[in-house]
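Read off the chains here:
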Amino acid sequence: MDKGGEGGKFSANKAMKTISSVKELKENIKSWKKEGLTIGLVPTMGFLHEGHKSLIDRAVKENDRVVVSVFVNPIQFGPKEDLSTYPRDIERDKKLCSDAGANILFNPEASEMYFKDASTFVDVEELTEGLCGSKRPGHFRGVCTVVSKLFNIVTPDKAYFGQKDAQQLAVIKRMVRDLNFDLEVVGCEIIREEDGLAKSSRNTYLSKEERKAALILSKSLNKARNVLSEGERNTKSIKRVIEEVLNSEPLAKIDYVEVVDSITLKPVEKVEKEILIAIAVFIGKTRLIDNIIF
Ligand code: PAF
């Protein structure tokens, strides 16, 4: 791994480039490839927090060069979702990426990413039918399309995604396998606030009171982990335990509570293999997700 020297990693980091054109990004990638450098990609929608930073840190450790994309992808938002209000702070994002040692921050306009008459989209079937897929029609089609485009533009050796979006991670792994993308998808553990709330850009929507109430998500999952550790294997009972905890919080409204096989994402009745417990809960108007693997 190239760790420094003239034009090496450290000197390149000092001057992280912000690029908004696909053509310019491809030129940089081409010259890195010519030098035989490995490339890590961290796709994000910006408003970066400690969770993103942990992905960038890992990418910097494992690759010679790192590209972080910051793009609020319009085609993964439903018509009633928060595209226009999604939090943005590109100057803060630049600083975080640069401090973490990223080499390029790719921050394109939507018109740079999508041709007006774009007519090719990537759909992963089955895995996207349940969980967030059933609640957010078209969401994963938008995610898979933009992530495929980023993979084609950056041609990374490794791409980094958080386990917090467990379904997204499973869907992208399947897409990479099915479409023969030549890269490794690296799943990174959930980063939590000290009190247990999973870090998310959407946490900024929460009022003080809602922020307190949002703790109910991790509390309910901890309770589920406890009953599992005590030997409970019936998923109906496990779901009931989670729902009881969530319903004890007046500001929380359950969107879904699911216990699924961690690979197929199909609901299971009995815990026999590795399971994913995934929940989506509205706290006021803010929809938060969290999960555990057992
Ligand atoms: O997880 C996200 O932030 C987004 O879904 C992603 C992967 C950057 C695609 O827009």
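- The name recorded for the protein chain in an unreviewed UniProt entry is Pantothenate synthetase, from Clostridium homopropionicum DSM 5847.
- Regarding the protein chain, the relevant UniProt record gives this comment under Catalytic activity (unreviewed entry): "(R)-pantoate + beta-alanine + ATP = (R)-pantothenate + AMP + diphosphate + H(+)".

Focus on the sheet that holds strand β8 (residues 275-283)
The pairing of strands in a sheet happens through backbone hydrogen bonds and is either parallel or antiparallel.
Right, on to step 1. Across the sheet, which stays open at both edges, the 3 strands sit in the order β7-β8-β9 with antiparallel pairing between neighbours. Each edge of the sheet is formed by a strand with only one pairing partner; in this case those strands are β7 (252-261) and β9 (286-293). Adjacent strand axes in the sheet meet at a mean angle of 15 degrees when their direction is disregarded.
Right, on to step 2. On top of the sheet, helix α10 (residues 215-229) reaches β7, β8 and β9; it is set at about 155 degrees to β8, its chief contact.

Details of the confidence of the model for the protein chain
Right, on to step 1. When the pLDDT values of the protein chain are averaged, the result is 95; 95% of them are 70 or greater.
Right, on to step 2. In the predicted structure, residues 1-12 sits below a pLDDT of 50 and forms 27 contacts with residues beyond four places in sequence or in another chain.

A look at the sheet that holds strand β4 (residues 104-106)
Right, on to step 1. Pairing is parallel in the open sheet, where 6 strands are placed in the order β1-β4-β3-β2-β5-β6. The open sheet has two free edges, formed respectively by β1 (17-19) and β6 (184-188), since each of these has just one partner strand. Across this sheet, the average inter-strand angle for adjacent strands is 25 degrees, counted without regard to direction.
Right, on to step 2. Sheet analysis places β1 next to β4, joined by 3 bridges and oriented parallel. Paired with Ile19 across the two strands is Phe106, which belongs to β4.
Right, on to step 3. Sitting on the sheet, helix α3 (residues 50-62) is in contact with β2 (39-44), β3 (65-70), β5 (158-162) and β6, with an inclination near 160 degrees to β5.
Right, on to step 4. The strands that helix α4 (residues 90-100) touches are β1, β3 and β4; relative to β4, the one it contacts most, it runs at about 150 degrees.

What counts and how
- Residues numbered from 1 in each chain as written.
- Predicted model: local features only at pLDDT ≥ 70, side-chain atom pairs only at ≥ 80, totals over all residues.
- Heavy atoms only, no water.
- UniProt positions renumbered as here; feature names shortened; annotations may be inferred.
- Pairing = 2+ DSSP bridges.
- Helix = DSSP H or I, 4+ residues; strand = E, 2+ residues; numbered from the N terminus.
- Axes fitted to C-alpha atoms, helices over the stretch in contact; angles between N-to-C directions.
- Contact = heavy atoms within 4.5 Å.
- pLDDT = per-residue confidence, 0-100.

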